Amino acid sequence: MSLVVTPATPLTGFGNHFASEAVPGSLPQGRNSPQRVAHGLYAELLSGSAFTAPRAENRRTWLYRRQPSVVTDAHERCEQPLWQTGPGADAPVPPDPLRWHPFTRPADGGTRDFIDGLVTVCRNGEPDAQAGIAVHMVLANRSMERRALINADGEMLIVPQQGRLVVTTELGVLEARPGQIVLVPRGMAFKVALPDGECRAYVCENHGAPFRLPELGPIGSNGLANPRDFVAPAAAFEAEPGPYEIVRRFGGHSWRCTQPGTPFNVVAWHGNLVPVLYDTAHFNTIGSISFDHPDPSIFTVLTSPSDTPGVANCDFVIFPPRWLVAEDTFRPPWYHRNVMSEFMGLVQGQYDAKPEGFKPGGASLHNAMVPHGPDAEAFERASVAGLQPHKLADTLAFMFESRYRLRPTAWAMQPGRLDTAYAACWAALADRFAPDSGGTEPSKADS
């Protein structure tokens, strides 16, 4: 593949208006759809919101391309039984904590690209109702070449865990490594190349309101993810002629068609509906500098709001390297039950509440009101640890948190993938109630 692109500094910012052109003079000035676009290009609008949405919520991008998207053949069904969204016929989900071993590619010697290597772990909501999410794993070892994916059901938040991803979109190219994320808007064509030969990645398919930065409230104007650290691509387009296979996700099913040329033929564009890359190393972590620790909502990178203020369709939360300094405090996450449902993954290192059983490339699911928290080993260690300042380094866990209950797929519930002994990690938490002991022992202090 060869891309035509002019040297440019990547555009930065999230939710702002951007503009980029691969050929000088391609971008119209002062109007969006002139009678004749420069260089024989076609003007096309990609709307990510209703035309009448409030200005602050309106998302759209004007594309100036060599051929419009209407130049394509009819679609036919494309069977992808492991990609599942919306209501399904899965067995009733038990109110148990669930954990999965690191997900691995099938041992059949086959090759799979991003589309064919995508399998659903759990889902909720309904694409046609524009509510809920689906959580997938991508286990791939082949680049997409003359093939592209368009998801009309939702935007796709991609979290690489193993191997780099080169994501070519209609607006340009983004390269992500583990520790970075890529967000592709709903309805935008993209493909993924694997420069390291294979990849493992988590994907959140968001059917609800588009992801955005959370409000900061009392935190103020600084902290968490800063808008300037989100990078949009510079305009680029493919030059080679020839047909492309288009796989379109539409109404919870996959469809296939062939079009005579590449969908990556946008020479210039401007708007605020753009794919972005974010490096989680830029996240400005907020925490306690006295005692206790705040709710994990302070680790929110992006949020998809619902119709209920403060209750998210989906929050994307990370637990990056950070300092722990709180006094007289049990520092790992506390035992809790939550009205929200929590899907957690681990990109690298250890998670402080599950130092052994939770592995990179694996996952856990604690649905609404399912109790969970540190395993017995983490509890014992944290209960007697000296509370000098301590840095959690070489770690990156994340969470997709949703107001709706997540339903695991039959594929995910197979015993070889599911850690059937997960609940045993709490078995050693004995009843220690001792009313005659005079109270609890204080935590060890610094000497």
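Residues numbered from 1 in each chain as written. Predicted model: local features only at pLDDT ≥ 70, side-chain atom pairs only at ≥ 80, totals over all residues. Heavy atoms only, no water.

1. Things to note about the overall build of the protein
Scanning the protein from terminus to terminus reveals one helix and 30 strands. A compact globule built from 447 residues should have a C-alpha radius of gyration of about 22 Å, and the protein, at 23 Å, falls within 12% of that. In terms of its C-alpha atoms, the protein occupies a principal-axis envelope of roughly 85 × 50 × 40 Å. When the 447 residues of the protein are sorted by exposure, 51% land in the buried category. Pairs at least 24 apart in sequence give 78% of the contacts found in the protein among residues at least 6 apart. Carbon and sulfur atoms make up 54% of the accessible area of the protein, which totals about 20,500 Å². Between the centroid of the 38 positive side chains of the protein and the centroid of its 46 negative side chains there is a distance of 6 Å. (Helix = DSSP H or I, 4+ residues; strand = E, 2+ residues; numbered from the N terminus. Rg over C-alpha atoms; globule rule 2.2 N^0.38 Å. Buried < 20%, exposed > 50% of the residue type's maximum accessible area, 1.4 Å probe, protein only. Contact = heavy atoms within 4.5 Å. Areas by Shrake-Rupley, 256 points an atom, 1.4 Å probe, with all protein chains shown as cover. Lys, Arg positive; Asp, Glu negative; His and termini not counted. Charge placed at Lys NZ, Arg CZ, Asp CG, Glu CD.)

2. Observations regarding helix 1 (residues 376-384)
Turning to helix 1, its buried residues are Ala376, Ala378 and Ala382. Each buried residue of helix 1 lies within a common arc of 160° when the element is viewed along its axis, so the set occupies one face. (Arc of directions from axis to C-beta.)

3. A look at the environment of tyrosine 202
Mapped onto the fold, tyrosine 202 is located in strand 16 (residues 199-206). When the C-alpha positions of tyrosine 202 and glutamine 161 are compared, they lie 7.2 Å apart, and in sequence the two are 41 residues distant. Within the structure, tyrosine 202 has its side chain in polar contact with the backbone oxygen of leucine 346 (distance 3.3 Å). (Polar contact = N/O pair within 3.5 Å; in protein donor to acceptor, adjacent residues only side chain to side chain.)

4. Here's the deal with the pairing of strand 29 (residues 395-402)
Extensive coverage of strand 29 is indicated by the burial of eight of its eight residues. Across the two faces of strand 29 the burial is the same, with Thr395, Ala397, Met399 and Glu401 and Leu396, Phe398, Phe400 and Ser402 all buried. Inspection of the sheet shows strand 26 (residues 341-349) paired to strand 29 by eight bridges, in the antiparallel sense. Counted as the bridge partner of leucine 346 is alanine 397 from strand 29. (Pairing = 2+ DSSP bridges.)

5. Focus on the sheet that holds strand 27 (residues 363-366)
Taken in spatial order, the six strands make up an open sheet running 7-27-26-29-24-23, and their pairing is antiparallel. Each having just a single partner strand, strand 7 (98-100) and strand 23 (300-305) make up the two edges of the open sheet. Across this sheet, the average inter-strand angle for adjacent strands is 15°, counted without regard to direction. Two strands pair when backbone bridges link them, and strand 7 and strand 27 are joined in this way by three bridges, in the antiparallel orientation. Residue pairing for strand 27: tryptophan 100 is matched across the bridge by alanine 363. (Axes fitted to C-alpha atoms, helices over the stretch in contact; angles between N-to-C directions.)

6. Regarding the pattern of salt bridges
A complete count under the given rule lists 20 salt bridges for this structure. The residue arginine 112 makes a salt bridge to aspartate 108 at a minimum N-O spacing of 2.7 Å. Among the ionic pairs, glutamate 245 bridges to arginine 256, the shortest N-O distance being 2.4 Å. Of this pair, glutamate 245 sits in strand 19 (residues 244-250) while arginine 256 sits in strand 20 (residues 253-259), placing them 11 residues apart in sequence. Using a relative accessible area of 28% as the deciding quantity, one classes arginine 256 as partly exposed. Several salt bridges share partner residues, and in doing so they unite Asp113, Asp116, Arg142, Arg147, Glu245 and Arg256 into one network. (Salt bridge = Lys/Arg side-chain N within 4 Å of Asp/Glu carboxyl O.)

7. Focus on the sheet that holds strand 4 (residues 42-47)
If you trace the four strands from one edge of the open sheet to the other, you get 3-21-5-4, paired in antiparallel fashion. Pairing within the sheet leaves two strands with one partner each, and these edge strands are strand 3 (18-21) and strand 4. Neighbour-to-neighbour, the strand axes of this sheet turn through a mean angle of 20°, independent of strand direction. Pairing of strand 3 with strand 21 (residues 266-271) involves four bridges; the strand directions are antiparallel. Bridging from a neighbouring strand, serine 20 pairs with tryptophan 269 of strand 21.

8. Looking at unusual backbone geometry
One non-glycine residue, glutamine 130, lies in positive phi territory at about 55°. For methionine 369, which is not glycine, the phi dihedral falls at a positive 65°. Considering the arrangement of structural elements, one finds methionine 369 in the loop between strand 27 and helix 1.

9. Looking at the environment of tyrosine 422
Looking at the secondary structure, you find tyrosine 422 in the segment after strand 30 (407-408). Taking the C-alpha atoms as reference, tyrosine 422 lies 9.6 Å from aspartate 375; in sequence the two are 47 residues apart. Of the polar contacts made by the side chain of tyrosine 422, one reaches the side chain of histidine 366; its length is 2.8 Å.

10. What to know about the environment of glutamate 240
Position of glutamate 240 relative to the elements: it lies in the loop between strand 18 (237-238) and strand 19. Take glutamate 240: its relative accessible area is 29%, and that puts it in the partly exposed class. C-alpha separation for the pair glutamate 240 and threonine 262, spaced 22 residues apart in sequence, amounts to 8.1 Å.

11. A short note on the pairing of strand 27
Side chains Ala363 and Leu365 of strand 27 all project onto a buried face; the interleaved residues Ser364 and His366 project onto the opposite face, where all are buried too. Relative to strand 27, strand 26 runs antiparallel, the two being bridged by four bridges. Residue pairing in the sheet places glutamate 342 in a bridge with histidine 366 of strand 27.

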